[in-house]
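Examining the three-dimensional arrangement
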Amino acid sequence: MTQRRNIPVTTPARTITDLRRIATPAQLRQAIRQTEALGLQTGLGRRADPTRSELEDLFLRLCAQHSLPKPEVNVRVGPYEVDFLWRARRVIAETDGYRYHRGNQAFEDDHERDLQLRARGYDVRRFTYRQVTETPLEVAASVADALGR
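Described below are features of the structure shown in this document. Note that the structure is a prediction, hence the values are computed from the model and not measured. (Residues numbered from 1 in each chain as written. Predicted model: local features only at pLDDT ≥ 70, side-chain atom pairs only at ≥ 80, totals over all residues. Heavy atoms only, no water.)

1. Quick look at the overall build of the chain
Scanning the chain for helices and strands turns up seven helices and six strands. Dimensions of the chain, computed from C-alpha atoms along their principal axes, come out at roughly 55 × 30 × 30 Å. A separation threshold of at least 6 residues defines the contact pool for the chain, and within that pool the share at least 24 residues apart is 51%. For the chain, the accessible surface area stands at approximately 9,800 Å², while carbon and sulfur atoms represent 51% of it. (Helix = DSSP H or I, 4+ residues; strand = E, 2+ residues; numbered from the N terminus. Contact = heavy atoms within 4.5 Å. Areas by Shrake-Rupley, 256 points an atom, 1.4 Å probe, with all protein chains shown as cover.)

Below is the structure:
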């Protein structure tokens, strides 16, 4: 048992284990994502599947279909975890599903994050679910343009 301010609490890893019995797959995935976003241990080890969402899966498939170089997936750049990184070209692609990027705070956080990453010398490109699914040629062209610089 872990304690915080003399109050018994479970670790994030134990909470994830307990949620497996009662949560829906979507709820469990969200709990894992939030735990990882906070930099906490889930007790799951490194996943074989590097993506965290359907949108990330679609974007990775789009890269392969358009012969774009394979990016690193969900890796750290300074204090941030980015969705896709082409390290040698200093290009980052973020895939923004509405669920996790809606609201004023998410909007402000995303823009602050982009400013910080650009200050570190990265070209940041953001794509929505609609763009990835409905205009994949434009998305691929944008990534190719960034990689060509």
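Additional details are given in the paragraphs that follow.
2. Brief notes about the nonpolar core
Nonpolar side chains tend toward joint burial in soluble globular proteins. Ranked by size, the top nonpolar core spans 19 residues in total, and within it Phe-59, Leu-68, Phe-84, Trp-86, Phe-127, Val-132 and Val-143 carry the most contacts. Of all the secondary structure elements, the ones that give two or more residues to this core are α3 (54-65), β4 (80-86), β5 (91-96) and α7 (136-148). Considering every element that reaches this core, the biggest residue donor is α3, with six residues. Those residues within four positions of Val-143 in sequence are excluded, and the remaining contacts are Phe-59, Leu-68, Trp-86 and Phe-127. (Core = buried A, V, L, I, M, F, W, Y, C linked by side-chain atoms within 4.5 Å. Buried < 20%, exposed > 50% of the residue type's maximum accessible area, 1.4 Å probe, protein only.)

3. Regarding the pattern of salt bridges
Any two side chains of opposite charge can pair, so long as their charged atoms come close to each other. Under the definition given, this model contains nine salt bridges. Put simply, Asp-18 and Arg-14 hold a salt bridge, and the shortest N to O gap is 2.9 Å. With a gap of four residues between them, Asp-18 and Arg-14 both fall in helix α1 (residues 12-22), about one helical turn apart. Using a relative accessible area of 46% as the deciding quantity, one classes Arg-14 as partly exposed. Across the pair Arg-125 and Asp-123 runs a salt bridge, and its minimum N-O distance is 3.0 Å. Taking relative accessible area as the criterion, Arg-125 reaches 14% and is therefore assigned buried. (Salt bridge = Lys/Arg side-chain N within 4 Å of Asp/Glu carboxyl O.)

4. Digging into the sheet that holds β4
Overall, mixed pairing links the four strands, which are arranged β3-β4-β5-β6 in an open sheet. Looking along the sheet, the strands with just one partner apiece sit at the ends: β3 (72-77) and β6 (123-128). Taking each pair of neighbouring strands and ignoring which way they run, the sheet shows an average axis angle of 45°. With six bridges connecting them, β5 and β6 associate as parallel partners. Its bridge partner lying in β6, Thr-95 is registered against Phe-127. Most of the contacts of α3 go to β4, to which it runs at about 20°, and overall it touches β3, β4, β5 and β6. Across the sheet, α7 is in contact with β4, β5 and β6; its angle to β6 comes to roughly 175°. (Pairing = 2+ DSSP bridges. Axes fitted to C-alpha atoms, helices over the stretch in contact; angles between N-to-C directions.)

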